[in-house]
Amino acid sequence: MKKHIVLLPGDGIGKEVIHSAREVLSAVAEEYNHSFSFETHEIGGAAIDQYGTPLPESTVDACKQADAVLLGAVGGPKWDQNPSHLRPERGLLGIRKALDLYANLRPIKGFKNLLHASPLKEEVVSGSDLLIVRELTGGLYFGTPSERRDNGNAVVDTLAYTRKEIERIVDKGFQAAQQRRGHLTSVDKANVLESSKLWREIVEEKKAQYPDVAVEHVLVDAAAMKLITNPTHFDVIVTENLFGDILSDEASVLTGSLGMLPSASLREDGLGLYEPVHGSAPDIAGKGVANPVAMILSAALMLRYSFQLDDEAKVIEEAVQSVLDAGFHTGDLQVTDGRLVGTVEMTKLIVDYIKSQNASKCIASCYF
Ligand code: NAD
């Protein structure tokens, strides 16, 4: 398979971890006979410094031409005092909008030798493996009017959705559940909000199309509680923008390791932007100690969701698990009796595993 990937390293550790993802993808391409070409563009603070804007036209154009986009992270103290149109985060919101990325997918999985770092009891969080599918372009964050009234003494925000916007994200939730354990939790506030009532109706209509998926409706307040009392209950959660924003951040602390969490933002035709959940970590940037796993797992999501290369995605995920199982870890992960490694060594261990797996498969198939 031949694919063109745009790399947006951004700022801080974004530059270090994107290099790791490229190394891993190159190894996958070599081992599985694919051809991945890469093109690097600026976004965020780096783009402000070079082009005077956090999102240059050339970056947007390149992303529109690409088969997929990998993004590191943006931001840092250097640009913290800039006016809002010159903040690095503007680049991030701008590229999501320019590419019409309507679905945000965040898988959250506990790695067994890291569970002691979770704020929850190990026995509660152990075995949790869930995916949050969040609507990204509608709802309260984009509805109009959104303004102060009555000389600033009253305020209105608007929660608006069209049927089409709800249908496409609900479909994405069902499809994700089909690819996983076949259980979908639709989260809403249908006891109060009209938008949630339409959401629930659409989920009910859609379920006939996905008879292999078991569906439940859970109110957002109950879902927030269940995430911390019984996270293993969940397989796929699908929800609207605001609820998804809050629940995905709540869920991201379950595993106790920010440096391990990938994410995907998808367009209807499959183009996706893949990025770690963490930021640019200016406190450790340039020191060679950043954990590259969230970025590398984001590259695995790219293979799965944009290129339908599920076996290749799985080998990356297995490689990460195997390296952690062997006790290797970066400084952000609290592993007792492990072996502390930096970004480059961690990446190499993952690359070596991928190469060794494929070599052993080849030996087996050639022999028998
Ligand atoms: P952060 O995620 O960058 O860092 C939080 C803490 O986690 C820091 O101590 C950092 O060293 C550590 N950390 C994060 N990722 C790590 C990794 N891969 N390996 C090892 N340690 C890691 O969040 P922050 O400090 O609140 O924000 C720093 C900058 O990043 C800010 O400018 C913020 O606006 C930006 N930010 C960007 C994104 C994004 O690009 N998507 C997301 C969040 C924050």
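In what follows, the structure referred to is the one given above.
It should be emphasised that the depicted structure is a prediction, and the values quoted were computed from it without experimental measurement.

Undergrad: When you look at the overall build of the chain in this model, what are you seeing that I'm missing?
TA: Assigned secondary structure in the chain consists of twelve helices and 14 strands. Taken over C-alpha atoms, the radius of gyration comes to 21 Å for the chain, in line with the 21 Å a tight globule of 368 residues would show. The C-alpha extent of the chain, read off along each of the three principal axes, is 70 × 50 × 40 Å. Each of the 368 residues in the chain was classed as buried or not, and the buried ones make up 52%. Here the contacts in the chain between residues at least 6 apart in sequence split such that 75% fall between residues at least 24 apart. As displayed, the chain offers around 16,300 Å² of accessible surface, 52% of which is attributable to carbon and sulfur atoms. Computed over 37 positive and 51 negative side-chain charges, the inter-centroid distance for the chain is 1 Å.

Undergrad: Looking at this structure, I do not really get the packing of aromatic side chains. What am I missing?
TA: To describe a pair of aromatic rings, one takes the distance between the centres and the angle between the planes. This structure, assessed with the given rule, holds three aromatic pairs. Between the aromatic rings of Phe36 and Phe307, the centroid separation amounts to 6.0 Å while the plane-to-plane angle is 40 degrees, which identifies the pairing as tilted. One end of the pair, Phe36, is in strand S2 (residues 35-40); the other, Phe307, is in the loop between helix H10 (293-305) and helix H11 (310-325), with 271 residues separating them in the sequence. By the burial criterion, Phe36 is buried, and Phe307 matches it.

Undergrad: Is there a simple way to think about the pairing of S2 in this case?
TA: Regular strands place their side chains on alternate faces of the sheet. The pairing of strand S1 (residues 2-10) with S2 spans six bridges and is classified as parallel. Bridge pairing in S2 places Ile5 opposite Phe38. Assessed by its sense of winding, the connection that carries the chain from S1 through helix H1 (residues 14-32) to S2 is right-handed.

Undergrad: Help me out: how do you make sense of the side chain of Ser186 in this one?
TA: With respect to the helices and strands, Ser186 occurs in strand S8 (residues 183-188). For Ser186, a relative accessible area of 0% gives the class buried. Residues in contact with Ser186, not counting those within four places in the same chain, are Trp199, Val203, Glu216, His217, Val218 and Val238.

Undergrad: Please explain the site of the ligand as it appears in this structure.
TA: If you check the shell around the ligand, you find 20 residues, and the closest are Glu89, Gly279, Ala281, Asp283 and Asn291. Here an oxygen atom of the ligand sits 2.9 Å away from a polar atom, N or O, in the side chain of Glu89. Note that an oxygen atom of the ligand is positioned 2.8 Å from one of the side-chain N or O atoms of Asp283. Its residues assigned to classes, the shell around the ligand shows nine nonpolar, seven polar and four charged.

Undergrad: Can you walk me through the pattern of salt bridges in this structure?
TA: Where side chains of opposite charge bring their charged atoms close, a pairing between them can arise. Using the criterion set out here, one finds 26 salt bridges in the structure. Notably, a salt bridge pairs Glu268 with Lys164, separated by 3.7 Å at the nearest N-O pair. Placement of Glu268 in the loop between strand S11 (262-266) and strand S12 (272-276) and of Lys164 in helix H6 (residues 163-179) is noted, with a sequence separation of 104 residues between them. On the accessibility criterion, Glu268 (48% relative accessible area) is partly exposed. Overall, the relative accessible area of 52% leaves Lys164 in the exposed class. Put simply, Arg304 and Asp310 hold a salt bridge, and the shortest N to O gap is 2.5 Å. Overall, the relative accessible area of 28% leaves Asp310 in the partly exposed class.

Undergrad: How should I be thinking about the layout of surface pockets in this particular structure?
TA: Where empty space is left in the structure can be found by rolling a water-sized probe over the atoms. Estimates place the volume of the largest pocket at around 650 Å³. Considering the residues around the largest pocket, the lining is formed by 26 residues, among which Leu92, Leu93, Arg96, Arg134 and Leu136 are closest to the centre. Among the elements of the structure, strand S3 (68-73), helix H4 (88-98), strand S4 (103-109), helix H9 (241-252) and S12 are those that each provide at least two residues to the lining of the largest pocket. In terms of residue class, the lining of the largest pocket is built from ten nonpolar, seven polar and nine charged. In this structure, the second largest pocket spans a volume of roughly 560 Å³.

Undergrad: I keep staring at empty space enclosed by the protein and nothing clicks. Help me out?
TA: Under the counting rule described, the total for this entry stands at one cavity of 30 Å³ or more. Considered as a void within the structure, the largest cavity measures approximately 50 Å³ in volume. Lining the largest cavity are Leu159, Tyr161, Val187, Asp188, Ser195, Ser196, Trp199, Glu240 and Phe243. If you list the elements that add at least two residues to the lining of the largest cavity, you get S8 and helix H7 (194-206). A total of three residues in the lining of the largest cavity trace back to one element, the largest contributor, which is H7.

Definitions and limits used
- Residues numbered from 1 in each chain as written.
- Predicted model: local features only at pLDDT ≥ 70, side-chain atom pairs only at ≥ 80, totals over all residues.
- Heavy atoms only, no water.
- Helix = DSSP H or I, 4+ residues; strand = E, 2+ residues; numbered from the N terminus.
- Rg over C-alpha atoms; globule rule 2.2 N^0.38 Å.
- Buried < 20%, exposed > 50% of the residue type's maximum accessible area, 1.4 Å probe, protein only.
- Contact = heavy atoms within 4.5 Å.
- Areas by Shrake-Rupley, 256 points an atom, 1.4 Å probe, with all protein chains shown as cover.
- Lys, Arg positive; Asp, Glu negative; His and termini not counted.
- Charge placed at Lys NZ, Arg CZ, Asp CG, Glu CD.
- Phe/Tyr/Trp six-rings, centres within 6.5 Å; stacked < 30°, edge-to-face > 60°.
- Pairing = 2+ DSSP bridges.
- Right-handed = clockwise from strand over helix to strand, strands pointing away.
- Near = heavy atom within 4 Å.
- Polar contact = N/O pair within 3.5 Å; in protein donor to acceptor, adjacent residues only side chain to side chain.
- Nonpolar A, V, L, I, M, F, W, Y, C, P; charged D, E, K, R; others polar.
- Salt bridge = Lys/Arg side-chain N within 4 Å of Asp/Glu carboxyl O.
- 1 Å grid on protein atoms, 1.4 Å probe; cavity = no way out; pocket = protein on both sides within 12 Å on 5 of 7 lines; lining within 4 Å.
- Points joined across faces, edges and corners; volume = space filled by probe spheres on them.

Geometry only, nothing functional implied.
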